[in-house]
Amino acid sequence: MTQQTADGVATTLHNERLILLILAAVQFITIVDFMIVMPLGPQLMRTLEINPAAFGLIVSSYTFAAGVAGLVASATVDRFSRRTAFLFLYTGFLLGTLFCGLSMNYPALVVSRVIAGAFGGIVGGISMAIIGDVFPDSRRGRATGAMMTGFAIASVAGVPMGLFIGTNFGWQMSFIALAAMGLPVLGLAWFALPLLNDHNLDSHAESRPSTLTSLRTTFLHLNHLNAFALMIALTMSGFLVFPYLSVYFVGNVGMTEQQLPLIYIAGGTLTLFASPIVGRYADRYGKLLVFRMIAPISAVMLVLITQLPAGAVLLTICVFGTLMVCNVGRMIPAMAMVTGSVLPKNRGAFLSANSSIQHIGGGVASFLGGLIVVQSTDGRLLNFEIVGVLAAGFSVLSLWLAGRLRMAEAAEVPGMQLSLAAATEATTDTGEILVASMDSDRQQELIERCEA
């Protein structure tokens, strides 16, 4: 399969694999950068002499910065090629990560996390926009699953290695090593990524929408709002719990800081094998169906992991591994559905805004979790089971929200063109795509896209 891009470069199957390799590597770097803060929690709280609420601010400062930056990017990112936007944001992220490694106190670390989040938080949105531009919907689930192997590898190798470096050489060295690791990937992306400017071909500078118009298009479209609501629910359910798990495992379960890498190795290994399988099943049997099968299991795991008995290390590893598989497993079909819910010309702006919404939701959840849990004098976290139940509730809510999403072509059909049958279908099974009473050629084209 060959696809002509704006700069005349043919994107072949070989190039698709190289693009996936670059995106997975970048996701690996960004995920490790974000995740490493959480298992380093006990060390950060001890060396910086901070409480759970202050630690929650370290986590949420990254996400809030990413959220604000994403709002700005949503109005401007589609004016540039995907390659230009990707390289600029990734470079800024690496500098922010380096600044984290050079931080010597709590305020400096928070500021550095803001810088890293402002750039790194949007890279994920641009990566998904590249996936959406390069891969058709029929293969987008597999492509998303392949890219998300970066998350699994980050858990298997990146986070344990970062923990090992942080434990033996200080937490600053974890970030310095990560920034150094990201430089070769930046060089490869610079030479290998195509321009990917098809979304901008028909828009001359004088005819492009204004910033306000761009924001209105992104945030006032009903289908976009449904997608944002789904991502908020998924993000809240994860970030209420995950930032405090390492502190909980040490203080409540009784694990040592040296045992923490085992948790992430087990969870990451399971996720590494599960991600491609989930992607294939999502393409074969339907993304919504796969999502609805995994999300309820995730809700159960969120409740279980916040009520573990002391000393149950093996049980903790099993529950945490299952939770990680479910967490990534529900995100693969969800992100594939969300990516398909927006037209290509608006995809960069929408996914930047979506990244912003996710990070703001994660920041709110992390901060809220820090307000609910309390650390006792013996190091135990109290009220963590309340956080687990609340997180499970958001996971259950996502089941309903996922059914409200529509494919972009169906969402763009004017209301007056909808047939009675399509309107009836919308009230009975919101997981299916609406088919409108339009001219036969356009209708056949839409049906063929849906079947693909």
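Residues numbered from 1 in each chain as written. Predicted model: local features only at pLDDT ≥ 70, side-chain atom pairs only at ≥ 80, totals over all residues. Heavy atoms only, no water.

Participant: I'm lost on the packing of helix α12 (residues 260–285) against helix α14 (residues 313–340) in this one. Help?
Facilitator: When two helices pack together, you describe them by how their axes are tilted relative to each other and by the distance separating the axes. Running from amino to carboxyl end, α12 crosses α14 at an angle of 30 degrees, the nearest separation of the two axes being 8 Å. Comparing the axis directions of α12 and α14 gives the class roughly parallel. For the element pair α12 and α14, the recorded crossing hand is right-handed. Contacts between α12 and α14 involve I263, Y264, A266, G267, G268, L270, T271, A274, S275, V278, G279 and A282 from the first element and T316, I317, F320, G321, T322, M324, V325, V328, G329, I332 and P333 from the second. (Axes fitted to C-alpha atoms, helices over the stretch in contact; angles between N-to-C directions. Helix = DSSP H or I, 4+ residues; strand = E, 2+ residues; numbered from the N terminus. Parallel < 35°, antiparallel > 145°, perpendicular 65-115°, else oblique. Left-handed = near helix turned anticlockwise from the far one by under 90°. Contact = heavy atoms within 4.5 Å.)

Participant: Could you clarify how one ought to interpret empty space enclosed by the protein in this entry?
Facilitator: With a probe scaled to a water molecule rolled over the atoms, the places where space remains empty come into view. Scanning the model with the defined rule gives two cavities of 30 Å³ or more in all. What lines the second largest cavity is P39, L40, P42, Q43, L163, T167, E257 and L260. Elements represented by at least two residues in the lining of the second largest cavity include exactly α2 (41–47) and α7 (149–169). Each residue belonging to the lining of the second largest cavity can be placed in one class, and the counts come to five nonpolar, two polar and one charged. (1 Å grid on protein atoms, 1.4 Å probe; cavity = no way out; pocket = protein on both sides within 12 Å on 5 of 7 lines; lining within 4 Å. Points joined across faces, edges and corners; volume = space filled by probe spheres on them. Nonpolar A, V, L, I, M, F, W, Y, C, P; charged D, E, K, R; others polar.)

Participant: It is not clear to me how the nonpolar core should be interpreted in this structure. Could you clarify?
Facilitator: If you look at soluble globular proteins, the nonpolar side chains tend to sit buried side by side. One finds F86, L230 and F249 to be the most contacted residues of the largest nonpolar core, which totals 110 residues. Considering each element in turn, this core owes the most residues, 12 residues, to helix α5 (residues 106–134). The contact partners of F249, leaving out residues within four places of it in the chain, are G254, M255, L260, I263, I305, L308, T316 and F320. Core analysis: the next-biggest nonpolar cluster, separate from the first, contains seven residues, V278, A282, V290 and C326 among them. (Core = buried A, V, L, I, M, F, W, Y, C linked by side-chain atoms within 4.5 Å. Buried < 20%, exposed > 50% of the residue type's maximum accessible area, 1.4 Å probe, protein only.)

Participant: Explain the side chain of S112 to me, please; I cannot follow it from the model alone.
Facilitator: If you trace the backbone, S112 turns up in helix α5. Of note is the side chain of S112, whose polar atom sits 3.3 Å from the backbone oxygen of F99. For S112, the residues in contact, after removing those within four places along its chain, are G96, F99, C100 and S103. (Polar contact = N/O pair within 3.5 Å; in protein donor to acceptor, adjacent residues only side chain to side chain.)

Participant: What is the right way to read the pattern of salt bridges from this model?
Facilitator: Two side chains bearing opposite charge may form a pair once their charged atoms approach each other closely. Counted by the stated rule, this structure contains two salt bridges. With its nearest N and O atoms 3.2 Å apart, the salt bridge here joins D33 to R113. One end of the pair, D33, is in helix α1 (residues 13–35); the other, R113, is in helix α5, and 80 residues separate them in sequence. Like D33, the residue R113 is buried in the burial classification. (Salt bridge = Lys/Arg side-chain N within 4 Å of Asp/Glu carboxyl O.)

Participant: I'm lost on the environment of N223 in this one. Help?
Facilitator: Here N223 is to be found in helix α10 (residues 222–239). Residue N223 is classed as buried on the basis of its relative accessible area, which comes to 4%. Reaching out from N223, the side chain makes a polar contact with the backbone oxygen of R406 at a distance of 2.8 Å.

Participant: What am I meant to see in the environment of T144 here?
Facilitator: Summarising the element assignment, T144 is placed in helix α6 (residues 137–147). For T144, a relative accessible area of 0% corresponds to the buried category. Counting along the chain gives 190 residues from T144 to A334, while the straight-line C-alpha distance between them is 10.0 Å. Beyond its immediate stretch of four places on either side in the chain, T144 contacts M128, I131, I332, M335 and A336.

Participant: Quick question: what am I supposed to make of a nonpolar patch on the surface here?
Facilitator: On the surface, a cluster of nonpolar side chains totalling about 520 Å² of accessible area is made up of I277, Y281, Y285, L289 and M293. Within the residue set of the nonpolar patch, elements represented by two or more residues are α12 and α13 (287–305). Mapping I277 onto the fold places it in helix α12. Here I277 falls in the partly exposed class, since its relative accessible area comes to 37%. (Patch = residues over 30% accessible without salt bridge, like charges linked within 9 Å, V, L, I, M, F, W, Y side chains within 5 Å. Areas by Shrake-Rupley, 256 points an atom, 1.4 Å probe, with all protein chains shown as cover.)

Without other data, these values stay purely geometric and don't point to any function.
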